[in-house]
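# A closer look at the structure
So you can see what is in the structure, the chains are spelled out below.
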Amino acid sequence: MIAETQAAGLDRELNPWISAEARFNQAAGRLALDEGMRKMLSLPAREVTVHVPVTLDDGRLEVFTGYRVQHSIARGPAKGGIRYAPDVTLDEVRALASWMTWKCAVVNIPYGGGKGGVICDPSILSEFELERITRRYTAELIDVIGPEVDIPAPDINTNERTMAWIMDTYSMHKRQNVTAVVTGKPLNLGGSRGRPEATGRGCSFVTREALKLFGIAPSDARIVVQGFGNVGGMGARLLAAMGCRIVGVIEYDGAVYNDHGIDVEKLMAHRRSTGSITEFGEAEDMDRDEALYMPCEVLLPAAKENIVTSLNAHRIRARVLCEGANGPTTPPADAVLRENGVFVIPDILANAGGVTVSYFEWVQDRQGYFWNEQLVNDRLEEIMVNSFHDVVRYSAQHDVDNRTAAYMLALDRVQFAIKIRGIYA
Ligand code: GLU
């Protein structure tokens, strides 16, 4: 019975939508939002479920379930990625959509928040099958997406290829090229320079600012990265370029550690040639959990939700937790980290570099005029650094932790937009 209650408690803790609600409620309470506004902001504005029929390569007909949730369009069109994974749930997509609303508000770009997901296992689907799923999913959503309505982007297991298919499908339906319907596209199809690196680059900027705050020189900063994909890999590469020491890298199939620092480029090359980061000559293989709990200045979780939970938060020995992933820390873990003095750069701030450069891509598409990479990176840096300091200042002013500060800042901006627009009836 006790075990069952504990399991139910853990189920709740690991449900991203319940986590999102808890964070929202905490910030809404501090802001003393009135009941009606609270209700409006806590529920997604629109949730669409589609069941997508697709003919597989062997001729069989399969049906895939997909979602698109638009949490808020108060500050602009809905914006957010689409993920493909076997364990996608509506609750997860809901949470991710609401996080996009708060994320866009924290960095003050003119978007609401949305997210999509398709329940499928890309590891057992061919490229052509993925293309058919993407095209039919896009066709089913044709009336709810659009450059002024809802703008998808890449997320877990989707990439610029996927975005090109979405852009093409949408454009074929509209009978004209509509590049701004989606961001994270290939460079020669209306994509932006710097977009693939943007999330990792944003993480590196806010990490640098946090280290400065604590007077830690980059050369004294040991970094452990969990997830060595687009966000973690790029984040590690850029932090190493700043002079930090990447001491640990954790992936789904193992971890490597070297106190003297790991050559990120070499590790990437090793993985390209062997398919894994393990058995890398210049670092020792380590248990994944053990690597997560090694002492370090910065821990960068950059994969999925629920990495730091009530079960392991007390074992984290990082000075700074930079949340490259969405939702890597659960609310019960927050309390433990706070008690242990871990400085958390919350996801809605830390990983906002991706959507910020998505915004730049959308602006460039609409202007038909493309920027050089330096301009993209400089503008990204300005937004990330200013937003970081806005949150830190807000946290000191209101005597709340960084996450609550970021949520409060975001909620306040969104509720302000709703109030001046008024409620359409
Ligand atoms: N999927 C990314 C995120 O979670 C990027 C979203 C976007 O660029 O719209 O922030």
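A few points on the structure. (Residues numbered from 1 in each chain as written. Predicted model: local features only at pLDDT ≥ 70, side-chain atom pairs only at ≥ 80, totals over all residues. Heavy atoms only, no water.)

### A few points about the sheet that holds strand 2 (residues 61–72)
A sheet is described by the order of its strands in space; here five strands give the open sequence 1-2-4-3-5, paired in mixed fashion. Two strands close off the open sheet at either side, each with one partner strand: strand 1 (46–55) and strand 5 (150–154). Taken over all neighbouring pairs, the strand axes of this sheet differ in orientation by 25° on average, direction set aside. Strand direction decides the pairing type here: strand 3 (residues 78–85) and strand 5, joined by five bridges, are parallel. (Pairing = 2+ DSSP bridges. Helix = DSSP H or I, 4+ residues; strand = E, 2+ residues; numbered from the N terminus. Axes fitted to C-alpha atoms, helices over the stretch in contact; angles between N-to-C directions.)

### Regarding the sheet that holds strand 8 (residues 254–257)
Read across the sheet, seven strands follow the order 9-8-7-6-10-11-12 without closing on themselves; strand pairing throughout is mixed. Since the sheet does not close on itself, it has two edges, and those belong to strand 9 (284–286) and strand 12 (343–345), each with one partner. Each neighbouring strand pair of the sheet contributes to a mean axis angle of 20°, computed without reference to strand direction. Sheet analysis places strand 7 (residues 245–251) next to strand 8, joined by four bridges and oriented antiparallel. Pairing of glycine 248 across the sheet is with tyrosine 257, part of strand 8. The sheet contacts of helix 7 (residues 198–213) involve strand 10 (296–301), strand 11 (318–322) and strand 12, and relative to strand 12 the element is tilted by about 155°. (Contact = heavy atoms within 4.5 Å.)

### Topic: helix 2 (residues 16–31)
With 16 residues, helix 2 extends 22 Å from end C-alpha to end C-alpha; this agrees with the ideal 22 Å at 1.5 Å per step. Considered for burial, the residues of helix 2 that qualify are Pro16, Trp17, Ser19, Ala20, Arg23, Phe24, Ala27 and Ala28. Mapping the buried residues of helix 2 onto a view down its axis gives an arc of 160°, with all of them on the same face. For helix 2, the side-chain oxygen to backbone nitrogen distance between the N-cap and tryptophan 17 is 2.8 Å, and the N-cap itself is asparagine 15. With its phi angle positive at about 55°, alanine 32 sits one or two positions after the end of helix 2. (Expected span 1.5 Å × (residues − 1). Buried < 20%, exposed > 50% of the residue type's maximum accessible area, 1.4 Å probe, protein only. Arc of directions from axis to C-beta. Polar contact = N/O pair within 3.5 Å; in protein donor to acceptor, adjacent residues only side chain to side chain.)

### Points about the environment of glycine 146
Structurally, glycine 146 can be placed in the loop between helix 5 (127–140) and strand 5. Taking relative accessible area as the criterion, glycine 146 reaches 1% and is therefore assigned buried. The spacing of glycine 146 and threonine 55 is 91 residues in sequence and 26 Å in space, taken between C-alpha atoms. Setting aside its immediate chain neighbours within four residues, glycine 146 contacts Ile151, Tyr170 and Val181.

### Digging into the site of the ligand
Surrounding the ligand, one finds 14 residues, the nearest of these being Lys79, Lys103, Pro154, Asp155 and Ser358. At 3.0 Å from an oxygen atom of the ligand is found a side-chain nitrogen or oxygen belonging to lysine 115. Calculation on the ligand without its partners gives an accessible area of 290 Å², and the protein chains cover 94% of this total. Where the shell around the ligand is concerned, the elements lending two or more residues are strand 3, helix 4 (90–106), strand 5 and helix 13 (353–367). Here the shell around the ligand is built from residues that sort into four nonpolar, five polar and five charged. (Near = heavy atom within 4 Å. Areas by Shrake-Rupley, 256 points an atom, 1.4 Å probe, with all protein chains shown as cover. Nonpolar A, V, L, I, M, F, W, Y, C, P; charged D, E, K, R; others polar.)

### A look at helix 14 (residues 373–398)
Between its first and last C-alpha, helix 14 extends 37 Å over 26 residues, near the 38 Å set by a 1.5 Å rise per residue. Three or more residues of helix 14 are buried, namely Val376, Asn377, Leu380, Ile383, Met384, Val385, Ser387, Phe388, Val391, Val392, Tyr394 and Ser395. Residue asparagine 372 occupies the N-cap position of helix 14, its side-chain oxygen lying 3.2 Å from the main-chain nitrogen of glutamine 374. Positive backbone phi, approximately 50°, marks aspartate 399, located one or two places after helix 14.

### Section: unusual backbone geometry
Phi is mostly negative for residues that are not glycine, and the peptide bonds are mostly trans. The backbone of asparagine 157 shows a phi angle near 65°, a positive value even though the residue is not glycine. Within the fold, asparagine 157 resides in the loop between strand 5 and helix 6 (160–174). With a phi angle near 55°, glutamate 279 is a residue other than glycine that sits in the positive phi range. Positionally, glutamate 279 belongs in the loop between helix 9 (264–274) and strand 9.

### Observations concerning the pairing of strand 4 (residues 113–119)
Most of strand 4 is tucked away, with six of its seven residues classed as buried. When strand 2 meets strand 4, the two strands line up antiparallel, connected through six bridges. Across the sheet, tyrosine 67 pairs through a bridge with glycine 117, a residue of strand 4. Handedness of the β-α-β unit built from strand 3, helix 4 and strand 4 comes out right-handed. (Right-handed = clockwise from strand over helix to strand, strands pointing away.)

### Re the packing of aromatic side chains
All told, the structure shown has eight aromatic pairs when counted by the stated rule. Ring geometry for phenylalanine 24 against tryptophan 102: centres 5.9 Å apart, planes inclined by 20°, an arrangement best described as stacked. Of this pair, phenylalanine 24 sits in helix 2 while tryptophan 102 sits in helix 4, placing them 78 residues apart in sequence. In this pair, the class of phenylalanine 24 matches that of tryptophan 102, namely buried. The positively charged end of arginine 319 is found above the aromatic ring belonging to phenylalanine 214, 3.9 Å away from the centroid. The aromatic ring of tryptophan 371 is capped on one face by arginine 379, whose charged end is 4.6 Å from the ring centroid. (Phe/Tyr/Trp six-rings, centres within 6.5 Å; stacked < 30°, edge-to-face > 60°. Lys NZ or Arg CZ within 6 Å of the ring centre and 35° of its normal.)

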